[in-house]
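The lines below spell out each chain.
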Amino acid sequence: TLLGPKHWDPEVDFDPSYPKEIRPDLPKEMAHFGRIGDSKITVDMLLDFQVFDSSQELIVHPDNNTHMGAKVRIVRSVNEYYVYDSRNRKIACVPAEVKIPSPKPMPRVPRVFHPPAFGVTILGSSHGFDPKGSTSGYVLWLNGRGLMVDPPPNSTYLLQQNSIPPSLIDGVIVTHCHADHDAGTFQKILQEGRVTLMTTETIKGCFLRKYSALSGLQQDFLRGCFQFRPVRIGESIKCRGGILRFFYTLHSIPCVGFEAYFGGKSIVFSADHMNDPVKIKQLCDDGVVSPGRRDELLNFPWHHDIILHEAGVPPIHTPMETLISLSDEIKKRVYVVHVALDKIPENSGLQPAITGVENTIVLEDAEVPQHSGALEILELVGSIELFSDLTIKRAGEILDFAHIETFNAGDTVIEKGQVGTCFYAILSGVAEVRVCRSRSSTFEVQLTSSYLLDKDRIQPVSPRVRARSVEEYRESDLELSEQYTVKTFLAGDYFGEQSLISDNNIRSADILAVTDLRVAVFDRSDFLWLLDGTNILQKMSHMARMRAEGTWNIIQENSVLRQLSGPQKTQLETYFEKLDFEDGDIIWEEGAPAECAILVDTGRVAFKTKPKNIFCRGNIGVHIQVDPTTAFTSGKEVLQPEMFERGSFIGDIDAILANRRNDVAVTAIGSVSVLCLYREELLNFFSNNPGVLLSMLHTRYIL
């Protein structure tokens with residue numbers, strides 16, 4: 001992060017055709033930026049560790065070498081640190097426990113966002129020291145799908161608030177390993193699915209070493225959390241009908257920018273870059289860069305249709321004067337990023353990059369490739385985990401069977417009481433499952449047999465958007481009140497499958513288009529033929545049985561599992577097995593292979609003997625090998641529960657991963673029903689969702 005990699009192999013980062021005379025000498029450039037005056041920067045220059053005395057006080061003296069700081073006294077208490085100046089005046093109170101603030105609530109965009117064929121959405125446009133702005137981050141849209149570029153922290157939350165589902169994001173580009181550029185990438189990797197990471201081999205190595213050191217996880221484990229697509233400087237990388245070309249910028253550590261071409265249009269992103277012609281020439285005179293590298297840096301590609309260029313504080317960023325000196329014709333295409341908005345001079349002709357999907361920069365006249373429609377359908381089907389067993393041989397049939405239908409906002413896609421004849425997968429837009437609240441006690445049971453009831457998300461619907469089939473409801477035996485939304489579908493989600501595979505193929509609820517909606521539709525006969533010879537129908541039938549058992553509601557009872565995304569919860573449902581036990585039954589024996597974990601449905605279970613080295617913190621029991629006061633420096637220890645009830649997840653995750661034996665038995669207290677996750681299915685789930693694995697490492701139970 002500070003000085004870049006210690007070792008660099010110049011051959012791995014460049015295409016063989018890229019001329020050697022214009023290649024950067026990264027060690028020389030890093031050495032130049034890694035000095036303050038005549039002194040080489042070291043970590044010791046940034047940090048000074050001091051120890052509290054026996055009275056829990058610490059005197060901090062000013063640094064005579066740097067003439068920085070003032071004499072202060074720090075007093076340590078249980079929950080705070082108090083800071084006093086030289087006159088013994090209290091000047092600060094710092095909490096002992098750092099609490100990460102929740103993301104600020106954002107209003108939902110009233111209309112669903114339809115990604116452009118070619119364009120950029122600005123997620124953040126400022127730098128890492130701006131208290132008001134979000135760190136720079138972007139989504140590059142190519143043929144309707146996105147590549148996130150240096151996503152800022154909580155960018156997934158931002159996308160969700162704007163109804164942009166993760167299924168629309170194909171991967172992440174990491175430009176370099178400064179914290180205001182890669183922290184959101186680590187978060188993105190851990191949040192859902194297996195992300196594709198695009199960068200050079202050198203930057204990937206920096207990323208792995210950094211986050212292995214920060215997290216305490218082995219590099220090999222972190223490497224398995226994402227798919228790596230290496231980029232090489234000078235190589236044209238094909239991506240969704242477009243071309244990406246990367247280049248090394250001039251920065252304190254290895255950093256890449258890129259040019260993107262699609263449909264006859266182009267975008268360039270400078271990334272962090274010291275674009276100062278005077279200093280670049282001086283670096284050549286000083287022998288830091290070669291004449292070829294100098295000329296390449298001076299020849300920045302200002303010809304592109306859209307130019308995202310950074311500005312910031314020299315000597316590692318571009319001075320604003322460089323951009324102000326550009327011609328008016330170029331300035332019309334420049335969007336300034338990585339700078340606080342108030343730092344862009346008025347009347348300079350420069351325009352800031354404004355955040356938000358509603359301000360997406362779109363190249364309207366980009367030509368869409370002829371095969372884009374087929375690519376859209378295949379990627380949609382490929383993103384649905386249920387269809388992961390389909391092979392490339394079925395691609396022709398998928399394209400032959402699928403047809404596109406569109407619905408306007410407010411249209412009914414499926415009506416309750418209809419005979420199910422089609423399967424739907426959403427290409428774009430939002431749909432909702434709507435039901436009418438009844439006094440019948442069987443309301444929730446009937447609903448959960450076909451749809452995913454989430455009690456926390458039930459919302460009444462305005463009468464003006466009620467389903468068109470209200471009169472049909474009145475003809476039934478149910479007494480009606482008002483409609484409720486019980487599930488929301490976004491792009492990449494699917495519905496309508498249950499009535500195609502069940503004996504009773506009558507639709508059990510209305511599904512309405514909340515926004516304009518585009519769906520890929522498969523007729524029943526085509527759908528069943530497509531799945532013939534696979535185990536997909538068995539998976540779907542099994543999932544239907546699990547839903548009839550109310551698995552979604554049980555998941556919602558668990559403090560960690562309830563935070564999973566809808567697709568992740570659906571994956572779990574396909575893996576669960578329902579098991580019943582009587583009072584005193586052993587669910588697993590001490591010394592037996594650790595072959596499963598359980599989620600309690602009804603009844604209670606308990607450890608037969610209290611496990612050793614379990615530290616209880618909040619709702620989670622963690623297995624540790626050290627003194628808990630060393631492992632956890634804050635928070636109060638919570639007593640381990642005597643018994644575990646509905647929603648409790650129990651299993652020795654470390655033993656399951658290492659294929660070890662259980663060190664304690666688990667027994668049933670009274671009649672018990674559990675949802676069982678066997679080792680093979682659990683490992684498969686962790687493989688597809690490495691972030692969930694990270695959140696469960698070392699756990700013995702989660703309430």
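Description of the structure in this document. (Residues numbered from 1 in each chain as written. Predicted model: local features only at pLDDT ≥ 70, side-chain atom pairs only at ≥ 80, totals over all residues. Heavy atoms only, no water.)

Moving on: the overall build of the protein. A count of helical and extended segments in the protein gives 22 helices and 37 strands. Across the 703 residues that make up the protein, the buried fraction comes to 50%. Considering only contacts in the protein between residues 6 or more positions apart, those separated by 24 or more positions represent 71%. (Helix = DSSP H or I, 4+ residues; strand = E, 2+ residues; numbered from the N terminus. Buried < 20%, exposed > 50% of the residue type's maximum accessible area, 1.4 Å probe, protein only. Contact = heavy atoms within 4.5 Å.)

Looking at chain direction, strand β4 (residues 72–76) and strand β5 (residues 80–84) are connected through 4 bridges and run antiparallel. Among the inter-strand pairings, R73 is bridged to a residue of β5, identified as Y84. Linking β4 back to β5 in an antiparallel pair, the connection comprises 3 residues. Where β5 and strand β6 (residues 90–95) come together, 5 bridges link them in antiparallel fashion. Following the sheet pairing, E80 is matched in β6 by P95. Joining the antiparallel neighbours β5 and β6 is a turn of 5 residues, in which N88 adopts a positive phi near 65°. (Pairing = 2+ DSSP bridges.)

This paragraph deals with unusual backbone geometry. Note that the residue after P314, namely P315, is joined by a cis bond; omega there is 15°. Tracing the backbone through its elements, the reader meets P315 in the loop between β17 (306–310) and α8 (320–324). Backbone geometry places D150, a non-glycine residue, at a positive phi of 45°. Here D150 shows up in the loop between β9 (145–149) and α2 (155–161).

Here helix α16 (residues 536–548) is 13 residues long and its end C-alpha atoms lie 18 Å apart, about the 18 Å a rise of 1.5 Å per residue gives. Those residues of α16 that sit buried are I536, M540, H542, M543, A544, M546 and R547. Taken from the residues just after α16, G550 is the one with a positive phi, measuring 75°. (Expected span 1.5 Å × (residues − 1).)

Moving on, we come to the nonpolar core. Membership of the largest hydrophobic core comes to 115 residues, with the highest contact counts inside it found for F118, L140, L244, F246, F258, L308 and F649. Non-local contacts of F258, meaning those with residues more than four positions away in its chain, are made with L140, V149, I173, L244, R245, F246, F247, I267, V268 and F269. With 23 residues, the next largest nonpolar core counts L380, I384, L390 and M540 among its residues. (Core = buried A, V, L, I, M, F, W, Y, C linked by side-chain atoms within 4.5 Å.)

If you walk through the whole model with that rule in mind, you get 24 aromatic pairs. Lying across the ring of F228, K204 places its NZ or CZ 4.9 Å from the centre. (Phe/Tyr/Trp six-rings, centres within 6.5 Å; stacked < 30°, edge-to-face > 60°. Lys NZ or Arg CZ within 6 Å of the ring centre and 35° of its normal.)

Pairing between the strands of a sheet is mediated by backbone hydrogen bonds and can be parallel or antiparallel. A sheet is described by the order of its strands in space; here 7 strands give the open sequence β13-β14-β15-β16-β17-β18-β19, paired in mixed fashion. In the strand order of this sheet, the two ends are held by β13 (236–239) and β19 (351–352), each with one partner. As paired strands, β17 and strand β18 (residues 334–337) are joined by 4 bridges and run parallel to one another. Bridging across to β18, I307 finds its partner in V334.

This next bit is on the pattern of salt bridges. Opposite charge on two side chains permits them to pair, given that their charged atoms come into close proximity. One pass over the structure, following the stated rule, counts 23 salt bridges. With its nearest N and O atoms 2.9 Å apart, the salt bridge here joins R293 to E29. Taken as a pair, R293 in helix α7 (residues 291–298) and E29 in helix α1 (residues 26–33) lie far apart in primary sequence, 264 residues in all. Take R293 and E29: they sit in the same class, and that class is buried. The salt bridge partner of R333 is E329, with a shortest N-O separation of 2.7 Å. By relative accessible area, which is 15% here, R333 ends up buried. (Salt bridge = Lys/Arg side-chain N within 4 Å of Asp/Glu carboxyl O.)

Taken by themselves, the reported measurements are silent on function.
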